[in-house]
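So the chains spell out like this:
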Amino acid sequence: MTHPTLSRDDVIVVIPALNEALRIRDVVIGALAECPRVLVIDDGSDDGTAERIADLPVTVIRHETRMGKGASLRDGFMHSLRMGARAIVSMDGDGQHLPSDIPRLIAAANRHPGYIVIGARLRRRSQQPIYRRLANEFADWGIAWGTGYQLADSQSGQRLYPAAVAALTDVPGEDFVFEAQILISAAQQLGTRCVSVPIESRYKCVHSDEQFRPSHFKPLRDFSRITSHVVFGVLRRGGVPDMYRRIRENPVVIDDPTGEFAPPPMGVVQTRSS
């Protein structure tokens, strides 16, 4: 099956936003510089998030009350598909994702047609709190039991979804569980894999004056929800030894033309980023 090359005009950027007045304007302006169509889901914000971008050429969908990140992504996917998107880039509104990484996600999608592309926080990992890093690695291991393959940074919110994945209508789970389940549902229903593109870990630290609002992700609560969701699913399906073999036989796929985290793909000239 051939896949036409994706361009920036084929992609819609979806940004779930809950009380993101601090950084949402910069995020949206950065996204518009990379893709002409940006969709913000204002999930019941009460800090003036929508007002901060009212003069920008974006589509804003407003939830009157908080419905959670899962509902925001579902709404964003549905509206993007109606607008003719061939792929959807999701990114958080708090500034932890660089819009300038969007072209790299699109390029990786063209090298790996049909894959979900994850912006994996592999660069400058020393900025990532150690408890978050260990929790993310544990989540990667757990989600692999649902997908049948290994993956890097399953908890990253910066992703490119092919339209076929975004169109899945029976993905269970709310809030951050949805982001884990859509990887599992795509693998089980469509045979879709993930490829990871190294991006920076961006957190408030002593060496930076960047401001980020406190994360909506609560590691103990949300990892417990994600882990229990995946474990129960594995136990219901059975076949644990077979799944273990599948995971071992399908290592992480990393798209990194610089060669820092993986050999450059065939036909790609190796470069070094500053």
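Because the structure is a prediction, the values reported are computed rather than measured.

### Regarding the overall build of the protein chain
- Of the regular secondary structure elements, the protein chain holds nine helices and seven strands.
- Burial statistics for the protein chain: of 274 residues in total, 53% are counted as buried.
- Sequence separation of 24 or more characterises 75% of the internal contacts of the protein chain that already satisfy a separation of 6 or more.
- Surface accessibility of the protein chain: about 12,800 Å² in total, with carbon and sulfur atoms responsible for 56%.

### Things to note about the sheet that holds strand 1 (residues 11–17)
- In space, the seven strands of this open sheet follow the order 3-2-1-4-6-5-7, with mixed pairing throughout. Every interior strand has two partners, whereas the edge strands, strand 3 (59–63) and strand 7 (194–200), have only one. Neighbour-to-neighbour, the strand axes of this sheet turn through a mean angle of 25 degrees, independent of strand direction.
- In terms of strand pairing, strand 5 (residues 116–123) meets strand 6 (residues 159–162) through two bridges, oriented antiparallel.

### Quick look at the nonpolar core
- Of all hydrophobic cores here, the largest spans 31 residues; its most connected members are V14, F77, I116, L151, V165, I182 and L183.
- Contributing elements (two or more residues each) for this core: strand 1, strand 2 (38–43), helix 3 (69–82), strand 5, helix 5 (130–147), helix 6 (163–166), helix 7 (175–190) and helix 9 (240–249).
- Looking at which element gives the most residues to this core, the answer is helix 7, with seven residues.
- Once residues within four sequence positions are removed from consideration, V14 is found in contact with L39, I41, L73, G76, S80, I88, V89, S90 and M91.

### Let's talk about the side chain of D10
- Here D10 shows up in the segment before strand 1.
- Within the structure, D10 has its side chain in polar contact with the backbone nitrogen of S7 (distance 2.8 Å).
- When near neighbours in sequence (up to four residues on either side) are disregarded, D10 contacts T5, R37, A85, R86 and A87.

### Observations concerning the packing of aromatic side chains
- A complete count under the given rule lists four aromatic pairs for this structure.
- Geometrically, the ring pair formed by F77 and Y161 is edge-to-face, given 5.0 Å between the ring centres and 65 degrees between the ring planes. Taken together, the positions of F77 in helix 3 and Y161 in strand 6 put the pair 84 residues apart, joining distant regions of the chain. Across the pair, exposure class does not vary: F77 and Y161 are buried alike.
- With centroids separated by 6.2 Å and ring planes inclined at 70 degrees, the aromatic side chains of W141 and W145 adopt a geometry described as edge-to-face. You can see W141 and its partner W145 sitting in helix 5, four residues apart, about one turn around the helix.
- Of the aromatic side chains, those joined through ring pairs into one cluster are F77, Y161 and F178.

### With respect to the layout of surface pockets
- Here the largest pocket defines a volume of roughly 400 Å³.
- Forming the walls of the largest pocket are 20 residues, and the residues nearest its centre are H3, R86, P113, G114 and P162.
- Broken down by secondary-structure element, the contributors of at least two residues to the lining of the largest pocket are helix 4 (102–111), strand 6 and helix 6.
- For the lining of the largest pocket, the element with the highest residue contribution is helix 6, accounting for three residues.
- Of the residues in the lining of the largest pocket, the class split is 13 nonpolar, six polar and one charged.

### Some points on the confidence of the model for the protein chain
- Residues at a pLDDT of 70 or more form 77% of the protein chain, whose mean pLDDT is 84.
- Counted against residues more than four places away or in other chains, residues 269–274, with its pLDDT under 50, gives 10 contacts.

### A word on the pairing of strand 1
- Most of strand 1 is tucked away: seven of the seven residues are buried.
- Bridge count between strand 1 and strand 4 (residues 87–90): four bridges; the pairing is parallel. Its bridge partner lying in strand 4, V14 is registered against S90.
- Taken together, strand 1, helix 1 (residues 24–34) and strand 2 constitute a β-α-β crossover, and its handedness is right-handed.

### A closer look at the pattern of salt bridges
- With the rule as written, the count across this model stands at nine salt bridges.
- Among the ionic pairs, K69 bridges to E179, the shortest N-O distance being 3.2 Å. Pair noted here: K69 is in helix 3 and E179 is in helix 7, with a separation of 110 residues, a long-range link. Across the pair, exposure class does not vary: K69 and E179 are buried alike.
- Taken together, the shared-partner salt bridges connect K69, D92 and E179 into one network.

Rules used in this analysis
- Residues numbered from 1 in each chain as written.
- Predicted model: local features only at pLDDT ≥ 70, side-chain atom pairs only at ≥ 80, totals over all residues.
- Heavy atoms only, no water.
- Helix = DSSP H or I, 4+ residues; strand = E, 2+ residues; numbered from the N terminus.
- Buried < 20%, exposed > 50% of the residue type's maximum accessible area, 1.4 Å probe, protein only.
- Contact = heavy atoms within 4.5 Å.
- Areas by Shrake-Rupley, 256 points an atom, 1.4 Å probe, with all protein chains shown as cover.
- Pairing = 2+ DSSP bridges.
- Axes fitted to C-alpha atoms, helices over the stretch in contact; angles between N-to-C directions.
- Core = buried A, V, L, I, M, F, W, Y, C linked by side-chain atoms within 4.5 Å.
- Polar contact = N/O pair within 3.5 Å; in protein donor to acceptor, adjacent residues only side chain to side chain.
- Phe/Tyr/Trp six-rings, centres within 6.5 Å; stacked < 30°, edge-to-face > 60°.
- 1 Å grid on protein atoms, 1.4 Å probe; cavity = no way out; pocket = protein on both sides within 12 Å on 5 of 7 lines; lining within 4 Å.
- Points joined across faces, edges and corners; volume = space filled by probe spheres on them.
- Nonpolar A, V, L, I, M, F, W, Y, C, P; charged D, E, K, R; others polar.
- pLDDT = per-residue confidence, 0-100.
- Right-handed = clockwise from strand over helix to strand, strands pointing away.
- Salt bridge = Lys/Arg side-chain N within 4 Å of Asp/Glu carboxyl O.

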